[in-house]
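# Structural features, examined
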Amino acid sequence: MKQFEKCRHCVIFVFLVLLSACAPLIGPYSPVAYQNATSLKAETLALMDKAAEPYDTHKGEVDKLFVEANKAHEFVKGIPSNSSSSKQWQILIKPDGDLMGKFFYRWATSNARTLTKTYIDEFKLIISDAYDEIICLEANKKEATKCSVKGAQQ
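These lines cover the structure that appears in this document, whether it is placed above or below. (Residues numbered from 1 in each chain as written. Predicted model: local features only at pLDDT ≥ 70, side-chain atom pairs only at ≥ 80, totals over all residues. Heavy atoms only, no water.)

### Remarks on the packing of helix α2 (residues 31-49) against helix α5 (residues 100-109)
- Their axes nearest at 12 Å, the elements α2 and α5 cross at an angle of 25 degrees. Between α2 and α5, the interaxial angle falls into the category roughly parallel. Relative to α5, the crossing made by α2 is left-handed. Side by side, α2 and α5 meet where Thr 44, Leu 47 and Met 48 of the first sit next to Met 100, Phe 103, Phe 104 and Trp 107 of the second.
- Along the lines of polarity and charge, the residues of the contact of α2 with α5 split into 6 nonpolar, 1 polar and no charged. (Axes fitted to C-alpha atoms, helices over the stretch in contact; angles between N-to-C directions. Helix = DSSP H or I, 4+ residues; strand = E, 2+ residues; numbered from the N terminus. Parallel < 35°, antiparallel > 145°, perpendicular 65-115°, else oblique. Left-handed = near helix turned anticlockwise from the far one by under 90°. Contact = heavy atoms within 4.5 Å. Nonpolar A, V, L, I, M, F, W, Y, C, P; charged D, E, K, R; others polar.)

Printed below as a string of structure tokens:
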């Protein structure tokens, strides 16, 4: 009887291991997350073009953009098994980070409160690539998609 009890525990253990192996490694595709990323990419790049104008004129738009980006991050953070997407959003929008945070901080604190076209264009490539990574990850949850990062190829 003791041997049967050992065997039963082994079977239960193996069953639990196999059951956990079926859990997805990444969250499911979300059309809302995909739309958030594509819309915010367009809005972010359009607002970056305005950095040739005084920051104070567009401060409200910058604040609104960060609220919307944080909402998109919170949305993907709430999807089970979605830590990869959440981490990408976190890196993109981190206020003291090297992407959106750096660009908009630089715009807000520059002496002239404007940025040069060259700086804006260079940073747009970087931000665009970051959004493309988020968009590509989300698209690949639905169907295997070959994505390329444009700025890295130039």
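### Digging into helix α3 (residues 55-77)
- Counted at 1.5 Å a residue, the expected span for α3 with its 23 residues is 33 Å, and the 31 Å between its end C-alpha atoms agrees.
- In α3, a bend of some 30 degrees at Glu 61 exceeds every other bend along the element.
- The set of residues buried in α3 consists of Tyr 55, His 58, Val 62, Leu 65, Phe 66, Ala 69, Ala 72, His 73 and Val 76.
- Buried residues along α3 sit against α2, α4 (83-93) and α5. (Expected span 1.5 Å × (residues − 1). Bend = angle between axes of the 7 residues up to and from the residue. Buried < 20%, exposed > 50% of the residue type's maximum accessible area, 1.4 Å probe, protein only.)

### Focus on the packing of aromatic side chains
- All told, the structure shown has 9 aromatic pairs when counted by the stated rule.
- Here the aromatic rings of Phe 66 and Phe 104 are separated by 5.7 Å at their centres, their planes lie at 80 degrees, and the arrangement is edge-to-face. In this pair, Phe 66 sits in helix α3 while Phe 104 sits in helix α5, placing the two residues 38 residues apart along the sequence.
- By way of ring pairs, the aromatic residues Tyr 55, Phe 66, Phe 103, Phe 104, Trp 107, Tyr 119 and Phe 123 are connected into one cluster.
- Directly above the ring of Tyr 119 sits Arg 106, whose terminal nitrogen or CZ lies 4.5 Å from the centroid. (Phe/Tyr/Trp six-rings, centres within 6.5 Å; stacked < 30°, edge-to-face > 60°. Lys NZ or Arg CZ within 6 Å of the ring centre and 35° of its normal.)

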